[in-house]
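Structural overview
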Amino acid sequence: MKLRLYTGSRASDGARMLATALTALGHNAKALRPNGSTWRPRNGDVVINWGSTAIKDFDPAVLVNSFGGVATAVNKIRTFEAIEAYKSQSVIDSAEYRYPRYAPDVATLKQQDGGRWPLNGAIIRTTLTGHSGEGTYYCRFESDYLVLVGSGTIRATDVVLCQAYIRKTAEYRVHVLGGEVIDFQKKRRDAAAAAEGSVIDTIRNHQNGWVYCRDNVALTPRIKLHAIEAVAACGLDFGAVDIMTLSSGKPFVLEVNSAPGLSETTANKYAEALVTFL
């Protein structure tokens, strides 16, 4: 059996790390070249789709993470719609919200709040498929036409997703494969950024002074269940789910990553879980 990681037209450090971890377990594993690969699959081979929506015929190999599932996960609105549709199969209380309320534009968000702008501001996106905070901003509204973002503005017509800002107590990344949680981390303030006073709380990414940590981190069964169901709802075999929690402990799914960044520890856990899954 040959294991090949497919990343479409782009290279991926995560895919290379996973291939290395699988090789260390004694498997014939490689990341396919982004362009011009001459590899031809045979019966019994496995292709691991690492975040690509670029459809390619790999028959007769087994495909892990379908192209359709990845296409759902990379689009924020499609992800939320899939989670909503999954309610009929869910063991979570059907009345419980699974993701922050959203709107496709600023005017709709205002209508949802009874004609008022959200008091705590909003998180807006100018792309539905960005990652690592790309195209994501915290804002307060100046008018129906311009949205304040820090010291600048973004035209309301450039906004494709709005969510009223919710104060979170914690944010986690939960890795799921085969319906089980295989690893997780919690975002914490980077010590150097905290010392400089440059940590920004509204959007927790590396640029704003946040890093993933695994020491002294525990997940509640409720968080695990939300992560497992989010991956299943997208139609994925594996994924890394970003989840925020409120002071009450209530979790909200923020997004599902089909090609997550990996540490060596997480790559090893994916490799071990994939071998069992296959």
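Structure: see above.
The shown structure was predicted, so the numbers you read here are calculated from the model rather than taken from an experiment.

Details of the packing of aromatic side chains
Taken as a whole and judged by the stated rule, the model has nine aromatic pairs. Judged by centre distance (6.1 Å) and plane angle (85°), the ring pair of Y6 and F67 falls under edge-to-face. Taken together, the residues span a long stretch of sequence, with Y6 in strand 1 (residues 2-6) and F67 in helix 2 (residues 67-74) at a distance of 61 residues. There is no split in this pair, since Y6 and F67 are both buried. With a centroid separation of 5.2 Å and 35° between ring planes, the pair formed by F80 and Y102 is classed as tilted. Of the two residues, F80 sits in helix 3 (residues 76-85) while Y102 sits in the loop between helix 3 and helix 4 (106-112), which places them 22 residues apart along the sequence. The same class applies to F80 as to Y102, namely buried.

Some words on the environment of E96
Within the secondary structure, E96 sits in the loop between helix 3 and helix 4. The exposure class of E96 is buried, given its relative accessible area of 15%. The contacts of E96, once residues within four sequence positions are left out, are K87, R222, H226, K250 and P251.

Side note on the sheet that holds strand 2 (residues 28-31)
The strand order across the open sheet built from four strands is 2-1-3-4, with neighbouring strands paired in parallel fashion. Looking along the sheet, the strands with just one partner apiece sit at the ends: strand 2 and strand 4 (62-64). Direction aside, neighbouring strands of the sheet carry axes that sit 20° apart on average. As judged from the four bridges shared by strand 1 and strand 3 (residues 46-49), these two strands associate in the parallel manner. Across the sheet, the residue bridging to L3 is V46, located in strand 3.

Digging into the pattern of salt bridges
Overall, the coordinates contain 11 salt bridges when judged by the stated rule. A salt bridge links E84 to K87; its shortest N-O distance comes to 3.1 Å. The partner of R173 in a salt bridge is D242, and the shortest N-O contact between them spans 2.8 Å. Of this pair, R173 sits in strand 10 (residues 170-177) while D242 sits in strand 13 (residues 238-245), placing them 69 residues apart in sequence.

Remarks on the nonpolar core
Core analysis: the largest hydrophobic core is formed by 28 residues, its most contacted members being Y172, V174, L236, V241 and V256. Looking at this core, the elements with two or more residues in it are helix 2, helix 3, strand 10, helix 6 (221-233), strand 13 and strand 14 (251-257). The element contributing the most residues to this core is helix 6, with five residues. Residues within four places of L236 in sequence aside, it is in contact with N65, G69, V70, A73, V231, V256 and S258. Among the nonpolar cores identified, the runner-up in size contains 22 residues, and W50, A240, A267 and A273 belong to it.

Description of the sheet that holds strand 14
Within a beta sheet, neighbouring strands are joined by backbone hydrogen bonds and run either parallel or antiparallel to one another. With respect to topology, five strands assemble into an open sheet ordered 12-11-10-13-14, the strand pairing being antiparallel. Among the strands making up the open sheet, the edge pair consists of strand 12 (210-213) and strand 14. Neighbour to neighbour, the strand axes of the sheet diverge by 30° on average, direction disregarded. Note that strand 10 and strand 13 share eight bridges and pair antiparallel. Its bridge partner lying in strand 13, R173 is registered against D242.

Quick look at the side chain of Q185
In this structure, Q185 sits in strand 11 (residues 180-189). Within polar-contact distance, the side chain of Q185 engages the side chain of H175 at 3.4 Å. Looking at Q185, its side chain comes within polar contact range of the side chain of D183, at 3.2 Å. Apart from residues no more than four positions distant in its own chain, Q185 is found in contact with E171, Y172, R173, H175, Y212, C213, R214, V217 and T266.

Here's the deal with the packing of helix 1 (residues 13-24) against helix 7 (residues 264-277)
When two helices pack together, their arrangement is given by the angle between the helix axes and the distance between those axes. At a minimum axis distance of 8 Å, the contact between helix 1 and helix 7 shows a crossing angle of 60°. Relative to helix 7, the element helix 1 lies oblique. The chirality of how helix 1 crosses helix 7 is right-handed. The segment helix 1 lies against helix 7, with M17, L18, A21 and L22 engaging E264, A267, N268, Y270, A271, L274 and V275. Partitioning the contact of helix 1 with helix 7 into residue classes produces nine nonpolar, one polar and one charged.

Calculation criteria
Residues numbered from 1 in each chain as written. Predicted model: local features only at pLDDT ≥ 70, side-chain atom pairs only at ≥ 80, totals over all residues. Heavy atoms only, no water. Phe/Tyr/Trp six-rings, centres within 6.5 Å; stacked < 30°, edge-to-face > 60°. Helix = DSSP H or I, 4+ residues; strand = E, 2+ residues; numbered from the N terminus. Buried < 20%, exposed > 50% of the residue type's maximum accessible area, 1.4 Å probe, protein only. Contact = heavy atoms within 4.5 Å. Pairing = 2+ DSSP bridges. Axes fitted to C-alpha atoms, helices over the stretch in contact; angles between N-to-C directions. Salt bridge = Lys/Arg side-chain N within 4 Å of Asp/Glu carboxyl O. Core = buried A, V, L, I, M, F, W, Y, C linked by side-chain atoms within 4.5 Å. Polar contact = N/O pair within 3.5 Å; in protein donor to acceptor, adjacent residues only side chain to side chain. Parallel < 35°, antiparallel > 145°, perpendicular 65-115°, else oblique. Left-handed = near helix turned anticlockwise from the far one by under 90°. Nonpolar A, V, L, I, M, F, W, Y, C, P; charged D, E, K, R; others polar.

What is shown is where atoms sit, not what they do.
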